[in-house]
Amino acid sequence: MSVTHDRTHAAVPGAAGDAPEPEPGTAGTAGNAEIGRNAAIGGSAGVQGDAEIAGDADIAPVAALIADGARAAMLTALLDGRALAAGELARIAGVSAPTASSHLARLLDGGLVTVVKQGRHRYYRLSGPDVARTLEVLARISGRVAVRSLRQSRQARLLREARSCYDHLAGRVGVELYDALVREGRLVEADGGCLLTASGADALTELGVDVERVRRARRRFAPDCLDWLERRPHLGGALGAAVLDRLLAREWLVRGTAPRALRLTGAGREGLGRIFGCKDLS
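Residues numbered from 1 in each chain as written. Predicted model: local features only at pLDDT ≥ 70, side-chain atom pairs only at ≥ 80, totals over all residues. Heavy atoms only, no water.

## Digging into the overall build of the protein
When helices and strands are tallied, the protein shows 12 helices and 11 strands. Looking at the protein residue by residue over its 282 residues, the buried ones come to 37%. Restricting the contact set of the protein to residue pairs at least 6 apart, pairs at least 24 apart contribute 56%. Entry remark: accessible area of the protein is about 15,800 Å², with carbon and sulfur atoms responsible for 53%. (Helix = DSSP H or I, 4+ residues; strand = E, 2+ residues; numbered from the N terminus. Buried < 20%, exposed > 50% of the residue type's maximum accessible area, 1.4 Å probe, protein only. Contact = heavy atoms within 4.5 Å. Areas by Shrake-Rupley, 256 points an atom, 1.4 Å probe, with all protein chains shown as cover.)

## Quick word on the nonpolar core
Counting residues in each nonpolar core, the largest one holds 35 residues, and the members touching the most others are Leu169, Val209, Leu239, Leu272 and Phe276. Those residues in contact with Leu272 that lie beyond four places of it in its chain are Val173, Leu177, Leu247, Trp252, Leu264, Gly277, Cys278 and Leu281. By size, the runner-up hydrophobic cluster in this structure holds 25 residues, among which are Ala70, Met74, Leu89 and Tyr166. (Core = buried A, V, L, I, M, F, W, Y, C linked by side-chain atoms within 4.5 Å.)

## Quick word on unusual backbone geometry
Even without a glycine there, the phi angle at Tyr166 is positive, about 65°. Structurally, Tyr166 can be placed in the loop between strand 4 (163–165) and strand 5 (168–170). Even without a glycine there, the phi angle at Glu251 is positive, about 60°. Examined against the element boundaries, Glu251 turns out to sit in the loop between helix 11 (237–249) and strand 10 (253–255). A relative accessible area of 54% places Glu251 in the exposed class.

## Some details on the confidence of the model for the protein
Looking at the protein, the pLDDT average stands at 81 and 80% of residues meet or exceed 70. When mean pLDDT is compared element by element in the protein, helix 9 (residues 198–207) scores highest at 96, while helix 1 (residues 30–40) scores lowest at 41. Here residues 1–47 is modelled with pLDDT under 50, and outside its nearest four sequence neighbours on either side it reaches 27 contacts, counting other chains as well. (pLDDT = per-residue confidence, 0-100.)

## Digging into the pattern of salt bridges
Counting across every chain of the model gives 12 salt bridges. The shortest N-O distance in the salt bridge between Asp80 and Arg82 comes to 2.5 Å. You can call Arg82 partly exposed: its relative accessible area is 38%. Its salt-bridge partner being Glu206, residue Arg274 comes within 2.9 Å of it at the nearest N-O pair. On the criterion of sequence distance, the pair formed by Arg274 in helix 12 (residues 266–276) and Glu206 in helix 9 is long-range, its members being 68 residues apart. Of the residues examined, Arg274 reaches a relative accessible area of 47% and is grouped as partly exposed. The partly exposed category is assigned to Glu206, whose relative accessible area is 43%. Through salt bridges with shared partners, a single network forms among Asp80, Arg82 and Arg255. (Salt bridge = Lys/Arg side-chain N within 4 Å of Asp/Glu carboxyl O.)

## A few points about the environment of Asp179
Tracing the backbone shows Asp179 in helix 8 (residues 171–183). Along the chain, Asp179 and Gly277 lie 98 residues apart, while their C-alpha atoms are 9.6 Å from each other.

## Some remarks on the environment of Val115
Mapped onto the secondary structure, Val115 falls in strand 2 (residues 113–118). Sequence separation between Val115 and Leu84 is 31 residues; the distance between their C-alpha atoms is 9.4 Å. Ignoring sequence-local partners within four residues, the contact set of Val115 consists of Leu108, Arg122, Tyr123 and Tyr124.

## Focus: the side chain of Glu136
Mapped onto the elements of the fold, Glu136 is located in helix 6 (residues 129–140). Although Glu136 is buried, it makes no salt bridge; Arg260 carries the closest opposite charge, 4.4 Å away. When near neighbours in sequence (up to four residues on either side) are disregarded, Glu136 contacts Leu79, Cys165, Trp228 and Arg260. (Lys, Arg positive; Asp, Glu negative; His and termini not counted.)

## Re the pairing of strand 6 (residues 187–190)
Here strand 6 pairs with strand 7 (residues 193–196) via 4 bridges, running antiparallel. Bridged to Leu187 within strand 7 is Leu196. The loop that links strand 6 with its antiparallel partner strand 7 comprises 2 residues; one of these, Gly192, has a positive phi angle of about 80°. (Pairing = 2+ DSSP bridges.)

## Looking at the side chain of His234
As for its placement among the helices and strands, His234 is situated in strand 9 (residues 233–235). Overall, His234 belongs to the buried group, its relative accessible area being 0%. Separated by 3.4 Å, the side chains of His234 and His168 make a polar contact. In contact with His234, not counting residues within four places along its chain, are Cys165, His168, Leu169, Ala170, Gly174, Val175, Tyr178, Pro223, Asp224, Cys225 and Asp227. (Polar contact = N/O pair within 3.5 Å; in protein donor to acceptor, adjacent residues only side chain to side chain.)

Structural data, given as structure tokens:
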């Protein structure tokens, strides 16, 4: 999958070359020094002292790792939830193998990915759901990659229809499933997540989900996750992961040709309608 990055940026007021000239006689005053300190908080390299707030999270190093175009493309590809080889990540990011290895080493050092070794091969995956959630949130507030070919247009349609959001189901199919669960009274929306009702537990058990085991998982049980393409929620967390796992095991969903893309099968369309009341999956 080729990745195209739009490198056109709007001018930022106060950036280098755009900063207003100081008024005569004001340079070096305490007021200007205070303004300088406030502007520096949050990431100017080399700033010390008052610009650092003790106890705050140091987000600049992580943000810098994600900000590179090639590394961002690799991380986005790993939202598939599966481990990918360095060569495949190099192809997706459009860089050489040595460059990809350098980027992956930085992502490893930064804790954003982990590596799995199988013989002489090394496979990379996101280090956990927190990283996946961060990438999804960034996707919601980011612009879209420009579509410049029929192939990219087809990939965009596939991702919009159904895709894996790390380890749970996103896209139109994921949103329709979430809507059906709420509409049929199987999920009750609440602040910070969803409550599973008795009828919801019965329906998920019919699908093959071990609900009690999922409740014991060391992650949030059933948060909603705002779909960055549909702008409506789908089911995330441990329960969302268990649902996607069962849908794939039953081959109601199968992996598509584009990274992260999923395809709803005829059996899946019938099964989701029968068990969950999904009505708009034609």
